[in-house]
Amino acid sequence: MLCVHPVELIMLTTTVSSRLRSVCRLQRIQGHMVSNPLSCTVEPGVLLEKVGSAGVITINRPKVLNALNLPMIRQIYPQLKKWENDNETDIVIVRGAGGKAFCAGGDIRAVTEAGKVGDPLAEDFFREEYILNNAIGTCRKPYIALIEGITMGGGVGLSVHGRFRVATEKTLFAMPETAIGLFPDVGGGHFLPRLRGKLGLFLALTGFRLKGRDVQRAGVATHFVESKKIPELEKELVEMKSPSAADVSRVLDSYQSQVRILLHRRVPCCLLFQTLSRMSPTSLKITYKQLKAGATMSLQDVLVMEYRLSQACMRGCDFYEGVRAVLVDKDQNPKWKPSTLEEVSEQAVEQCFSSLGDKDLTF
């Protein structure tokens, strides 16, 4: 029988506990959520399941509003391609866990820290995210995004390029990137200019939030279904036998609550001016040019353009200042450089769109 002095036992226990906490902290940094710091049980950031004839993707980081990080992208992309070529998989459904968010965006803080020190994550995240966006846009199987809750930035990229996007009264949509010195990426240059009139440009420049039924009225969602009906809808979708896109469309139509097509919403000019005055002047000019060019480009070409823009933002200073002001210090008082639209030269904007040579995004 091994005898251990009480003091030694306490010291041993403390050491083990300390090491467990260190491992858990490391796993959090690497993009995993730890539910129990003592057992160090890791909750996967994304769940990939085969349910009936459906491949189901669940974004599973509810504590951080299902923010998308690189490990999650690297899980979703190969599985999506596998399901696309699998004769036993007829449809793909993507959903968010927790009820509050579908996906509130990319893991911007991690990208910011990487960009500051020249870490490859600042390149890899955008490159692989955009490749996934393209895979969603070209997926041959019906792709159904259940965009319940907050859907912004990277979450829009996971949904808007798919065949079907289902909003509920809980949906909150926005592309708020100009407020942090970025631009509406993940293919924003493709889908935003294709919304009615100048609505896409308005959403891109101001980060204006659309809620509930307005998300479908604007054309971002293809269907609107009451939240209480979503579980029943999911059940019917996964139980369908060899459904075509038309079959899926008929099921979604049967659940849809009717909405008026036109979106009537007036924004006072003074409020619009105040909103734009808070945004990065460089981001505003880049975004305007991005949407103007993207209106006549394919999704792939837009994503190539946006990758160039993402790396220009990584080289600049507004992105880091915007993240500091909005997400870190939260003083909501960014110091943009340049500080006015007039100071942002056309030459500076053009340089952001320049080819990256052998570092350009390819598919």
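Worth saying up front: this structure is predicted, and the values here are computed from it rather than measured.

**So, the overall build of the protein chain**
Helix and strand content of the protein chain: 15 helices and 12 strands. Sequence-distant contacts, at least 24 apart, represent 73% of the contacts inside the protein chain between residues at least 6 apart. For the protein chain, the accessible surface area stands at approximately 17800 Å², while carbon and sulfur atoms represent 56% of it.

**With respect to the pairing of strand β9 (residues 164–167)**
It is a general feature of regular strands that their side chains alternate between the two faces of the sheet. Neither face of β9 is left uncovered, since the one carrying Phe164 and Val166 and the one carrying Arg165 and Ala167 both have all their residues buried. Here strand β7 (residues 143–147) runs beside β9; their pairing, made up of four bridges, is parallel. Bridge pairing links isoleucine 144 to phenylalanine 164 in β9. Relative to strand β12 (residues 223–224), β9 runs parallel, the two sharing two bridges. Bridge assignment links valine 166 to a residue of β12, and that residue is histidine 223.

**What to know about unusual backbone geometry**
Cis geometry marks the peptide bond from lysine 337 to proline 338; its omega dihedral reads -5°. Along the chain, proline 338 falls in the loop between α14 (318–328) and α15 (346–352). A positive phi angle is found at valine 186, which is not glycine, with a value near 45°. Summarising the element assignment, valine 186 is placed in the loop between β10 (172–174) and α6 (188–191). Overall, valine 186 belongs to the buried group, its relative accessible area being 1%. Unlike most non-glycine residues, lysine 330 shows phi in positive territory, near 60°. Note that lysine 330 resides in the loop between α14 and α15.

**Overview of helix α4 (residues 121–138)**
Here α4 contains 18 residues, and its C-alpha end-to-end distance of 25 Å stays within 8% of the 26 Å for a straight helix at 1.5 Å per residue. Of all the residues in α4, the buried ones are Ala122, Phe125, Phe126, Glu129, Tyr130, Leu132, Asn133, Asn134, Ala135 and Ile136. On the buried face of α4, the contacting elements are α2 (70–84), α3 (108–117), β7, α5 (154–157) and α13 (299–315).

**Let's talk about the pattern of salt bridges**
Tallied over the full model, the rule gives 17 salt bridges. Ionic pairing is found between lysine 116 and glutamate 113, a salt bridge with its closest N-O pair at 3.6 Å. With lysine 116 and glutamate 113 both in helix α3 and three residues apart, the pair spans about one turn of that helix. Take glutamate 113: its relative accessible area is 47%, and that puts it in the partly exposed class. The partner of glutamate 350 in a salt bridge is lysine 289, with the nearest N and O atoms 3.0 Å apart. One end of the pair, glutamate 350, is in helix α15; the other, lysine 289, is in helix α12 (residues 281–294), and 61 residues separate them in sequence. Looking at glutamate 350, the relative accessible area reads 42%, which means it is partly exposed. Accessibility expressed as a relative area gives 28% for lysine 289, which makes it partly exposed. Three or more residues are tied together by salt bridges with common partners; here these are Glu321, Arg324, Asp329 and Asp331.

**Describing the sheet that holds β7**
Ordered by their spatial adjacency, six strands build an open sheet running β3-β4-β5-β7-β9-β12, and the pairing between neighbours is mixed. Two strands in the sheet have a free side with no partner beyond their single neighbour: β3 (46–51) and β12. In the sheet, β3 pairs with strand β4 (residues 54–59) via six bridges, with the strands oriented antiparallel. From the neighbouring strand, valine 46 faces β4, where its bridge partner is isoleucine 59.

What counts, and where the lines are drawn
- Residues numbered from 1 in each chain as written.
- Predicted model: local features only at pLDDT ≥ 70, side-chain atom pairs only at ≥ 80, totals over all residues.
- Heavy atoms only, no water.
- Helix = DSSP H or I, 4+ residues; strand = E, 2+ residues; numbered from the N terminus.
- Contact = heavy atoms within 4.5 Å.
- Areas by Shrake-Rupley, 256 points an atom, 1.4 Å probe, with all protein chains shown as cover.
- Buried < 20%, exposed > 50% of the residue type's maximum accessible area, 1.4 Å probe, protein only.
- Pairing = 2+ DSSP bridges.
- Expected span 1.5 Å × (residues − 1).
- Salt bridge = Lys/Arg side-chain N within 4 Å of Asp/Glu carboxyl O.

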